[in-house]
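Take a look at the letters that make up each chain.
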Amino acid sequence: MIDSLKPASAEPVACKICGDPAPLYGVVDFNRNCEIPNGVKLALSGTPIYYRRCDSCGFLFTDAFDDWNDEQFKAHIYNDAYHSVDPGYMAERPNSNAEVVTRLWGPRKAETRVLDYGGGNDVFCTALRANGFPMAVTYDPMVPEYARRPDGKFDLVTCFETLEHLPDPQAGIAQIIECVADPGLILFTTLLLPADFDIQRLNWWYIGPRNGHVSIFSKQALAASWGRYGYKLVSLNNNNHLAFRTLPPFLAHLQK
């Protein structure tokens, strides 16, 4: 059993995005992870994790970890065994993301300062620097080597598979925005709830407290979370998104 979790209340609580009532929606074991479809089925931990879903904006979240500090997240989630429930984190995903950014921003790399927010092991930024980006830096409070937030503002802030890990998503989005130059934009990934989620419910593969997936967005909730700060949102698909105040002309085709 894992101690120091916030006790679940049977009463609705305020949605972390819109403030409307979010009743209990379901419960899974702490060891439920996103690699279960690929055969990584960990033994039951005996620790129930309750998720809530907002009646208004559809945001799905657990408040079980709301009282944890960074050290507790590192001890129980982002520890040496994390790679077993997220193997793509080590190299495959950051290298693939670097190819996308190089394709879109490569012709403008000399004038593009890049910050990878929640970038983990710096593989993504290493690939960008190898591709000629003069400034590409990693920030991740869960990784000691990159836990110091860089000074200054950045033309492009990337944030891959991070929003779903934020126990306070509005505060996290505000911190991301603080890093963005004007004009500038954020390229990020987080998987939106599918159309048949009320059929799949918490059996959906992306529900994984062992992965640290504590905040799962509907499209409405995602737009509202950025709109609070005056940012527009373009979702290229259910996983890839752009947030901006002004979309640069060279990316205008992505809005169509």
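Quick look at the structure, then. (Residues numbered from 1 in each chain as written. Predicted model: local features only at pLDDT ≥ 70, side-chain atom pairs only at ≥ 80, totals over all residues. Heavy atoms only, no water.)

Scanning the protein chain for helices and strands turns up six helices and twelve strands. For the protein chain, the C-alpha radius of gyration of 18 Å lies close to 18 Å, the compact-globule estimate for 256 residues. In terms of principal-axis extent, the alpha carbons of the protein chain reach across some 50 × 40 × 30 Å. Scored against the burial criterion, the 256 residues of the protein chain give a buried share of 49%. In the protein chain, once contacts between residues fewer than 6 apart in sequence are set aside, the share between residues at least 24 apart is 69%. Carbon and sulfur atoms provide 53% of the accessible area of the protein chain, an area that totals close to 11800 Å². Side-chain charges of the protein chain comprise 23 positive and 29 negative groups, with the mean position of each set lying 6 Å from the other. (Helix = DSSP H or I, 4+ residues; strand = E, 2+ residues; numbered from the N terminus. Rg over C-alpha atoms; globule rule 2.2 N^0.38 Å. Buried < 20%, exposed > 50% of the residue type's maximum accessible area, 1.4 Å probe, protein only. Contact = heavy atoms within 4.5 Å. Areas by Shrake-Rupley, 256 points an atom, 1.4 Å probe, with all protein chains shown as cover. Lys, Arg positive; Asp, Glu negative; His and termini not counted. Charge placed at Lys NZ, Arg CZ, Asp CG, Glu CD.)

Sheet architecture is open: six strands sit in the order β7-β6-β8-β9-β12-β11, paired in mixed fashion. The open sheet has two edge strands with one neighbour each: β7 (135-139) and β11 (232-235). In this sheet, adjacent strand axes meet at a mean angle of 20° when their direction is disregarded. As paired strands, strand β6 (residues 113-117) and strand β8 (residues 154-160) are joined by three bridges and run parallel to one another. Within the sheet, the bridge partner assigned to D116 lies in β8 and is T158. Sitting on the sheet, helix α6 (residues 219-227) is in contact with β9 (180-189), β11 and β12 (240-244), with an inclination near 145° to β11. (Pairing = 2+ DSSP bridges. Axes fitted to C-alpha atoms, helices over the stretch in contact; angles between N-to-C directions.)

So, about the nonpolar core. By size, the foremost hydrophobic cluster in this structure holds 29 residues, and its most contacted members are F59, V157, L163, I186 and W226. Put simply, the parts of the chain that give this core at least two residues each are β6, β8, α4 (169-178), β9 and α6. Ignoring sequence-local partners within four residues, the contact set of I186 consists of V157, I176, V180, W226, Y231, H241, L242 and A243. Membership of the second largest hydrophobic core comes to 25 residues, among which are I49, W68, M142 and L193. (Core = buried A, V, L, I, M, F, W, Y, C linked by side-chain atoms within 4.5 Å.)

Moving on: helix α2 (residues 92-105). The end-to-end C-alpha distance of α2 is 20 Å, a good match for the 20 Å that 14 residues give at a rise of 1.5 Å each. Among all positions in α2, only P94, N97, A98, V101 and W105 are buried. Buried residues of α2, seen end-on, are gathered within an arc of 105° and therefore sit on one face of the element. Opposite the buried face of α2, by more than 90 degrees, sit the exposed residues E92, E99 and R103. Check the buried side of α2 and you find it contacts α3 (123-130), β8, β9 and β12. (Expected span 1.5 Å × (residues − 1). Arc of directions from axis to C-beta.)

The next thing to look at is the layout of surface pockets. Taken as a whole, the largest pocket encloses approximately 880 Å³ of empty space. Along the walls of the largest pocket sit 35 residues, with Y78, G118, D140, M142 and H165 positioned nearest its centre. Elements that contribute at least two residues to the lining of the largest pocket include exactly α1 (70-76), α2, β6 and α4. Among the residues making up the lining of the largest pocket, the classes are represented as 16 nonpolar, eleven polar and eight charged. Volume-wise, the second largest pocket comes out at about 330 Å³. In terms of lining residues, the second largest pocket is bounded by 20 residues, among which D86, R93, E161, W205 and Y206 are the most central. The residue inventory of the lining of the second largest pocket, partitioned by class, reads eight nonpolar, seven polar and five charged. (1 Å grid on protein atoms, 1.4 Å probe; cavity = no way out; pocket = protein on both sides within 12 Å on 5 of 7 lines; lining within 4 Å. Points joined across faces, edges and corners; volume = space filled by probe spheres on them. Nonpolar A, V, L, I, M, F, W, Y, C, P; charged D, E, K, R; others polar.)

Here a ring pair, both rings aromatic, is described through the centre-centre distance and the interplanar angle of the planes. This model, assessed by the stated rule, comprises 18 aromatic pairs. An angle of 25° between the planes, with centres 6.3 Å apart, marks the rings of F73 and Y78 as stacked. For F73, a relative accessible area of 5% translates into the label buried. Between W226 and Y231, the ring centres sit 6.1 Å apart and the planes meet at 50°, which makes this aromatic pair tilted. Note on W226: relative accessible area 0%, which makes it buried. Each member of the aromatic cluster is reached from another via a ring pair, and the members are F30, F65, W68, F73, Y78, Y82 and Y89. Against the face of F250 rests R108, its NZ or CZ located 3.9 Å from the ring centre. Above the ring of Y25, the side-chain terminus of R201 is found at 4.0 Å from the ring centroid. (Phe/Tyr/Trp six-rings, centres within 6.5 Å; stacked < 30°, edge-to-face > 60°. Lys NZ or Arg CZ within 6 Å of the ring centre and 35° of its normal.)

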